[in-house]
Amino acid sequence: MISYNAERVSMPKIKRRKTSEWIRRTAATYGKIIGEIGYLFVDDEKILEVNREFLNHDYFTDVITFDYSDADTLNGDIVISLDTVRTNAEKFHKDYTEELYRVVIHGILHLCGINDKGPGEREVMEREENKALTLLQTIL
């Protein structure tokens, strides 16, 4: 089951049923199935609180993924700052909705085992995000 909640912000206008189908299909390309995934859309202040409390990081970010997966079943909580998504969309001259979907799938890709902090990993993550966004176009 995939749940979508918002705290301190309005729920983004995403097509939940189709987004969930996209997430399931993306996970399946990595041999994974969706268990319990919880999305929480927040503002910058809330994601900063989460970052400080759970990761001891003192900075804003667009997405934080908490992984509770069990073998090939993906379980986790994904916290997304809509403020940072909007800032990044403007900074990189991207459409806000596309940037939002990119961050939505970014968390799932982390649960699938794709990282983005080490040498060369960011490029792999971006390639996989782009493949997933291409798949999204066939669903929406």
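What comes next is a walk through the structure. (Residues numbered from 1 in each chain as written. Predicted model: local features only at pLDDT ≥ 70, side-chain atom pairs only at ≥ 80, totals over all residues. Heavy atoms only, no water.)

1. Considering the packing of helix α4 (residues 96–111) against helix α5 (residues 121–139)
The condition is simple: Here the axes come from fitting lines to C-alpha atoms, over the contacting stretch only for helices, and the angles between their N-to-C directions go from 0 to 180 degrees. We count a stretch as a helix when DSSP gives it H or I for four or more residues in a row; a strand needs E for two or more, and each element gets its number in order from the N terminus. In this scheme, a crossing is called left-handed if the near helix is turned counterclockwise away from the far one by less than a right angle; it is called right-handed if the turn is clockwise. Contact between two residues is taken to exist if any of their heavy atoms lie within 4.5 Å; hydrogens are not considered. Side-chain classes follow a simple rule in which Ala, Val, Leu, Ile, Met, Phe, Trp, Tyr, Cys and Pro form the nonpolar group, Asp, Glu, Lys and Arg form the charged group, and the remainder, Gly included, forms the polar group.
Where α4 contacts α5, the two axes come as close as 9 Å, and the packing angle between them is 115°. The two elements α4 and α5 cross, and the hand of that crossing is right-handed. Judged by residue contacts, Glu-98, Tyr-101, Arg-102, Ile-105, His-106, Leu-109 and His-110 of α4 engage Arg-122, Met-125, Glu-126, Glu-128, Glu-129, Asn-130, Ala-132, Leu-133 and Leu-136 from α5. A breakdown of the residues in the contact of α4 with α5 according to their chemical character gives seven nonpolar, three polar and six charged.

2. A short note on the nonpolar core
Our working definition: Put simply, buried Ala, Val, Leu, Ile, Met, Phe, Trp, Tyr and Cys residues joined by side-chain atoms within 4.5 Å make one nonpolar core. Note on classification: 1.4 Å probe, protein chains only; a residue is buried when its accessible area is under 20% of the maximum for its type, exposed when over 50%, partly exposed between these limits.
Ranked by size, the top nonpolar core spans 32 residues in total, and within it Trp-22, Ile-23, Ile-37, Tyr-39, Phe-41, Ile-80 and Ile-108 carry the most contacts. Listed by contribution, the elements that provide at least two residues to this core are β1 (2–6), α1 (16–28), β2 (33–42), β4 (73–81), α3 (82–91), α4 and α5. Of the residues forming this core, the biggest block, eight residues, is contributed by α4. Setting aside anything within four residues of it in sequence, one finds Ile-108 in contact with Ile-23, Ile-37, Tyr-39, Leu-74 and Ile-78. Val-42, Ile-47, Val-50 and Ile-64 belong to the second-largest nonpolar core, a separate cluster that totals six residues.

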